[in-house]
Amino acid sequence: MRVTVDMNLCQNHGQCVFAAPEIFAFDDDENLVHREHPDEAERGQAERAAALCPVRAITVVPAPSPVAP
C-alpha cells in the first residue's frame, strides 16, 4: 500500500496522527511526516486517518502489482 499526503492541502490538524501514530507524526518543526509504504496490516489505520482528514489531503492506494516478465 502507498500513503500520500498533499502537503498543499494539509493544514496540520493532526487527526491522522491521532488515528494512526505509527504512520503519521509531527517533526520537530511541527510539520507532518509520514511513512509512504506502511505495512499492509496497517491499512485500516491508514484508511481511518484518510477518512478523518478534514481537508481530504490523504490518499491510500494499493501497492502496484509486480510486472510479469
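Q: Where do I start with unusual backbone geometry in this structure?
A: With the exception of glycine, most residues fall at negative phi, and the peptide bonds are largely trans. The backbone of Asn 12 sits at a positive phi, close to 55°, despite the residue not being glycine. Relative to the helices and strands, Asn 12 is located in the loop between strand S1 (2–5) and helix H1 (15–19). The backbone of Glu 30 sits at a positive phi, close to 65°, despite the residue not being glycine. As for its placement among the helices and strands, Glu 30 is situated in the loop between strand S2 (24–26) and strand S3 (32–34). Taking relative accessible area as the criterion, Glu 30 reaches 60% and is therefore assigned exposed.

Rules and cut-offs
- Residues numbered from 1 in each chain as written.
- Predicted model: local features only at pLDDT ≥ 70, side-chain atom pairs only at ≥ 80, totals over all residues.
- Heavy atoms only, no water.
- Helix = DSSP H or I, 4+ residues; strand = E, 2+ residues; numbered from the N terminus.
- Buried < 20%, exposed > 50% of the residue type's maximum accessible area, 1.4 Å probe, protein only.

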